[in-house]
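Summary of structural features
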Amino acid sequence: MTTVPENIQERHPLTRWKVGHRAFFSQMQGAALALHRFQDAVEQGRLQIARNALEDAGHVLEGSAAAFRFTGDLPPRLYKQVILPSMAPPNVGEGFSGLLSTDHDHLRTLTQDLKSTFDTLPSELRRAHERFRWSYEQCMRSHLFVCLEFGGDERASVRSEDVGSGDLPAGDVLSNFFANRIANVTGSETGT
Amino acid sequence: MWISVPQLKPIPLPGSEALPWIARGEAPVRESVEVALDQLAEVGPSGPGEFRDRVDKNEQMLEVLEDTLDLLPADSGASRENVPSIGNEEESSPEEYDAYFGVVRSNNDPLTSHVRGLAQSYREVLLDARHGTNMAPPDWLMIRRGFSAHVNQLARIAKEGRIE
C-alpha cells in the first residue's frame, strides 16, 4: 500500500501538477531533438551518430517517464478536487487536454514520420533500436499508470467523445492510442 | 467554480518548428549552441569555461546548471507580460494549454530558450520534491539521467558543429 507523506498536502497540488508537466515538456523537446538528429544521420548514412542520437532519445524518454510518475505523485482525491476542475470550464475553454500540447503533438507526428525509417533500419542499429523502443514503451506505460491512479479505469477522458471513443474509460482509450504509437516505432524487422 | 492557480515563473521553450533547426546544427543555430554554452560558462560560479569543461567531461552538469540558473541574464521572451490569459475562449487551444502550464515560446533564439527552460525545469523538480514525494531512488535517477542525456546531446551538437 502506498503511503502519502502528509507534507505533500501543504503544497498546492497544482504546483506539483505543473512542475511535473514542465519537466515533461522540456524532456519531450529533448527527445524530439534526438530523433531529428537520428533521422538526419540515418539519411546521411552516419550510423555512429544515428546510434548516439537514438540512445539519447531513449534516455530522455526514460527520464520523461519518471517525470510523469513525479507529476502524478499526489493523492487521487486532490486530483479530483483540484486538478480536474482547473482543467475544465470556466477555468479553461472547452476541450482542454494533453492533446493540445505542442511538444507532445510534435513528437507524435515525428514518430509517425519515422515509421518508414524504423522499418528499413540498418542491422547495425538494431540493438539501439530495441532499447529505444523499450524506453518509448516505458513512457507510455507511465502515462497509463498515472491515468489509472486517478480513476482512468472507470472514468471517460474529457476528450473521449472528441476522438470517437464515446464512454470508454480513459485508460482503454490511452491503451489503444499507445498501441498504435508503439507500432510506429517498432519497425517491421523487430515487429512484435 | 474558479480555481486559484499558483503562479510559477514562466518557463521559456522554443516552438516545435525550431527543434529541427537545433537538431541539425544549422549554421545560425550552431552558433546559438556555442553562445548558450558560453553564456552559462561566463556566469558560472567557478569562473568561465567550467560549464563547458564539465559538460565535455560528462561530470555533474546538472548541478552546474542549477547553480548558474539564477545568474543567467533575463530573457525578454519570458516575461510575465507575455503569458497569454486563460479561460477567455470557448474552445481551448494549444496557446491556452501553454498558458495554463506557464510556458512561453520563442523561435527567435530557440537554443537559449531551450537551455534556460531545461535548467529552470530541473531546478523546479528539485525544489518541489522537498515537499514530499513517494518516488523511489531509481525514479529519481531516471529523471536525472533524462536531463543529463538532454544536456549532453546539446553539447554534442555543438561539438559536432565545431568538427564540421
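Bear in mind that the values here come from a model prediction, so they are computed numbers and not experimental data.

Before going further, it helps to spend a moment on the overall build of chain A. The helix and strand inventory of chain A stands at seven helices and zero strands. Along chain A, helices (α) and strands (β) appear in the sequence α-α-α-α-α-α-α when read from the amino end. Split into buried and exposed, the 192 residues of chain A put 58% on the buried side. Sequence-distant contacts in chain A: of pairs separated by 6 or more residues, those separated by 24 or more amount to 77%.

All names here are of chain A. Running from N to C, helix α1 (residues 13-43) and helix α4 (residues 102-113) point in directions that differ by 25°, and their axes come no closer than 9 Å. Accordingly, the angle class assigned to the pair α1 and α4 is roughly parallel. In this structure, the crossing between α1 and α4 has a hand that is left-handed. Within the contact between the two elements, α1 uses F25, M28, Q29, A31, A32, L35, H36 and Q39 and α4 uses D103, H106, L107, L110 and T111. Per-class residue counts for the contact of α1 with α4 are seven nonpolar, five polar and one charged.

Given two aromatic rings, one states the distance between the centres and the angle between the planes to describe the pair. Under the defined criterion, the tally for this structure stands at 13 aromatic pairs over all chains. Look at F25 of chain A and F101 of chain B: their rings are 5.4 Å apart centre to centre, the planes differ by 85°, and that puts the pair in the edge-to-face class. Residue F25 of chain A is found in helix α1, and its partner F101 of chain B is found in helix α5 (residues 94-101); the two belong to separate chains. Taking relative accessible area as the criterion, F101 of chain B reaches 1% and is therefore assigned buried. Ring pairs connect the aromatic residues F25 and F96 of chain A together with Y97, Y100 and F101 of chain B, which therefore count as one cluster. The residue whose ring lies beneath R16 of chain A is F70 of chain A, and the NZ or CZ to ring-centre distance is 4.0 Å. The ring of Y100 of chain B has K18 of chain A sitting right over it, with the charged end atom 4.9 Å from the ring centre.

Residue and element names in this part refer to chain B. Locating Q7 in the fold gives a position in the segment before β1 (11-13). Accessibility expressed as a relative area gives 61% for Q7, which makes it exposed. As for Q7 and G102, which are separated by 95 residues in sequence, their C-alpha atoms are 8.1 Å apart.

Let us now look at the interface of chain B and chain A. By a widely used convention, the size of an interface equals the accessible area lost when the partners come together. On the chain A side, the residues contacting the 63 residues of chain B number 62 residues. At the boundary of chain B with chain A, total buried surface from both sides reaches about 5600 Å², with 58% on carbon and sulfur atoms. Between chain B and chain A we count one salt bridge in total. A salt bridge links R105 of chain B to D103 of chain A; the nearest nitrogen and oxygen atoms lie 2.9 Å apart. In this structure, the connection of chain B to chain A is made through 10 residue pairs in polar contact (both at pLDDT 80 or more). For the side of chain B that touches chain A, the secondary structure elements donating two or more residues are β1, α1 (19-24), α5, β2 (103-105), α6 (110-129) and α7 (137-163) of chain B. Ranked by residue count, the leading element in the side of chain B that touches chain A is α7 of chain B, at 14 residues. Split into classes, the residues belonging to the side of chain B that touches chain A amount to 31 nonpolar, 16 polar and 16 charged.

Quick look at empty space enclosed by the protein now. All names here are of chain A. Evaluation of the coordinates by the stated rule reveals four cavities of 30 Å³ or more. Its boundaries defined by the atoms lining it, the largest cavity holds a volume of some 140 Å³. Looking at the largest cavity, it is lined by 13 residues, and the ones nearest its centre are M28, H104, C139, M140 and R181. Secondary-structure elements contributing two or more residues to the lining of the largest cavity are α1, α2 (47-71), α4, α6 (126-149) and α7 (170-186).

We now examine the confidence of the model for chain B. Residue and element names in this part refer to chain B. For chain B, per-residue confidence averages 64 on the pLDDT scale, and 46% of positions sit at 70 or higher. Considering each helix and strand of chain B separately, the mean pLDDT is smallest for helix α3 (residues 50-56), with a value of 44, and largest for α5, with 93. Here residues 40-59 scores under 50 on pLDDT; set against residues more than four positions off or in separate chains, the count is 36 contacts. When the criterion is pLDDT under 50, residues 66-84 qualifies, and its contacts beyond four places in sequence or with other chains add up to 39 contacts. Predicted as a complex, the structure gets a pTM of 0.79 and an ipTM equal to 0.84.

Turning to unusual backbone geometry, a few remarks are in order. Between P89 of chain A and P90 of chain A the backbone carries a cis peptide bond, its omega angle lying at 5°. Looking at the secondary structure, you find P90 of chain A in the loop between α3 (76-86) and α4.

What counts, and at which threshold
- Residues numbered from 1 in each chain as written.
- Chains lettered and ligands numbered in written order.
- Predicted model: local features only at pLDDT ≥ 70, side-chain atom pairs only at ≥ 80, totals over all residues.
- Heavy atoms only, no water.
- Helix = DSSP H or I, 4+ residues; strand = E, 2+ residues; numbered from the N terminus.
- Buried < 20%, exposed > 50% of the residue type's maximum accessible area, 1.4 Å probe, protein only.
- Contact = heavy atoms within 4.5 Å.
- Axes fitted to C-alpha atoms, helices over the stretch in contact; angles between N-to-C directions.
- Parallel < 35°, antiparallel > 145°, perpendicular 65-115°, else oblique.
- Left-handed = near helix turned anticlockwise from the far one by under 90°.
- Nonpolar A, V, L, I, M, F, W, Y, C, P; charged D, E, K, R; others polar.
- Phe/Tyr/Trp six-rings, centres within 6.5 Å; stacked < 30°, edge-to-face > 60°.
- Lys NZ or Arg CZ within 6 Å of the ring centre and 35° of its normal.
- Buried area = accessible area lost by both parts, 1.4 Å probe.
- Salt bridge = Lys/Arg side-chain N within 4 Å of Asp/Glu carboxyl O.
- Polar contact = N/O pair within 3.5 Å; in protein donor to acceptor, adjacent residues only side chain to side chain.
- 1 Å grid on protein atoms, 1.4 Å probe; cavity = no way out; pocket = protein on both sides within 12 Å on 5 of 7 lines; lining within 4 Å.
- Points joined across faces, edges and corners; volume = space filled by probe spheres on them.
- pLDDT = per-residue confidence, 0-100.

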